[in-house]
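Analysis of the macromolecular model
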Amino acid sequence: MTQFKKITDDVHNELIEIFDNNLSKFDDHVWNTRAPMLKELYNINDEKHIQTLRMEIKDPSVRAKIRSIVNLFDGIDNVDGFMNFCRGYLPIAMHTDVSVNPDNTVSDGYTIMIPLTVDKRIQTIVWQERMGYPVFDEWANTIDWNNRVKLNNLSEKYNLSNGHWPKPDIVDYMALDDVCQWSKGNAWCFKRSQIHCSTNFKASSIEYKDYILIQTGNDLYTPEHK
Ligand SMILES: [Fe+2]
């Protein structure tokens, strides 16, 4: 289900310039508050640490530029979605981008990522499996992992120690959709309800990664799981 599109070097460079020019205005933080995990995975002794620094993109001309990239993908009917500049300091664990509404219905749509940092050591992993929880652990705790068949050897190919702490080997027991490379000009799109995560770029001493994140749509998703 993951789609890939290419943007030109000129567009890529222009987006990096706009990102850098806005960096001082980034006003939103996502925190990682799992102190034992921070200590074990990254040797960070803080109670909480910035996972992602970001800013919502509101400038109409920048939004129009990004919308023209979003329009390359098939099947996206609401391109005026939520757009963010993001600087990720810690790799994100397995999760989805769905939101759960007050009446317990689940809102879905598309996530589009445009990486600005180019590095062979950074990947975004997308699985076929979807879930109606934004927090992976809530779903993972309902799965009998001992009854699952090993489907791939992702954990040997990539450092995915951050995928599901403290049981990172489960990445091999889920059906892979695609491995998205942070290479120049690459952009991709998947369903917000698909499980995804970053590889552990921090283990390669990469300080941060920059990207543009777009989330579109407001489809309702009815999970197959309970
Ligand atoms: Fe996500």
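As a starting point, this report considers the structure included with it. (Residues numbered from 1 in each chain as written. Predicted model: local features only at pLDDT ≥ 70, side-chain atom pairs only at ≥ 80, totals over all residues.)

1. Thoughts on the overall build of the chain
Each helix and strand in the chain was counted, giving five helices and 11 strands. A compact globule built from 226 residues should have a C-alpha radius of gyration of about 17 Å, and the chain, at 17 Å, falls within 12% of that. Projected onto its principal axes, the C-alpha coordinates of the chain cover approximately 50 × 40 × 35 Å. Looking at the chain as a whole, 32% of its 226 residues qualify as buried. (Helix = DSSP H or I, 4+ residues; strand = E, 2+ residues; numbered from the N terminus. Rg over C-alpha atoms; globule rule 2.2 N^0.38 Å. Buried ≥ 20, exposed ≤ 12 C-beta atoms within 10 Å, placed from the backbone.)

2. Concerning unusual backbone geometry
One non-glycine residue with positive phi stands out, namely N43, at about 55°. Inspection of the secondary structure puts N43 in the loop between helix 2 (35–42) and strand 3 (49–56). At N104, a position not held by glycine, the phi torsion is positive, near 75°. Its place among the elements puts N104 in the loop between strand 5 (99–100) and strand 6 (106–115).

3. Considering the environment of N84
You can see N84 is positioned in strand 4 (residues 82–88). Placed 28 residues apart in sequence, N84 and E56 show a C-alpha to C-alpha distance of 4.4 Å. Apart from the residues within four sequence positions on either side, N84 is in contact with R54, M55, E56, I57 and L213. (Contact = placed C-beta atoms within 7 Å.)

4. A few points about the pairing of strand 10 (residues 194–198)
Burial within strand 10 is extensive, with five of its five residues counted as buried. Neither face of strand 10 is left uncovered, since the one carrying Q194, H196 and S198 and the one carrying I195 and C197 both have all their residues buried. Bridging between strand 7 (residues 123–130) and strand 10 involves four bridges; their strand directions are antiparallel. Paired with V126 across the strands is H196, a residue of strand 10. (Pairing = 2+ DSSP bridges.)

5. Describing the environment of L116
Topologically, L116 is positioned in the loop between strand 6 and strand 7. On the neighbour-count criterion, L116 (21 C-beta atoms within 10 Å) is buried. The residues touching L116, leaving out its near neighbours within four places in the chain, are L15, I16, F19, D210, Y211 and I212.

6. Considerations on the pairing of strand 4
Within a regular strand, side chains alternate between the sheet's two faces. Sheet topology note: the strand 3/strand 4 ladder contains five bridges and is antiparallel. The residue bridging M55 from the neighbouring strand is F85, located in strand 4. Looking at chain direction, strand 4 and strand 11 (residues 209–221) are connected through seven bridges and run antiparallel. Residue pairing across strands places R87 opposite D210, the latter belonging to strand 11.

7. Brief notes about the nonpolar core
Ranked by internal contacts, the top residues of the largest apolar core, which has 35 residues, are I66, I112, I114, L116, Y211, I212 and I214. Elements with a contribution of two residues or more to this core: helix 1 (9–22), helix 3 (60–70), strand 4, strand 6, strand 7, strand 9 (186–191), strand 10 and strand 11. The dominant element in this core, judged by the number of residues it contributes, is strand 11, at four residues. Setting aside residues no more than four positions away along its own chain, Y211 makes contact with C86, M113, I114, P115, L116 and T117. (Core = buried A, V, L, I, M, F, W, Y, C linked by C-beta atoms within 7 Å.)

8. Brief notes about the sheet that holds strand 7
The sheet built from three strands is open, its strands ordered 8-7-10 with antiparallel pairing. Each edge of the open sheet is held by one strand with a lone partner, namely strand 8 (176–181) and strand 10. The average angle at which neighbouring strand axes cross in this sheet is 20°, direction not considered. (Axes fitted to C-alpha atoms, helices over the stretch in contact; angles between N-to-C directions.)

9. Quick notes on the environment of D137
Tracing the backbone shows D137 in helix 4 (residues 136–140). For D137, a count of 14 C-beta atoms within 10 Å puts it in the partly exposed group. Sequence spacing of D137 and S161 is 24 residues, and the spatial spacing of their C-alpha atoms is 15 Å.

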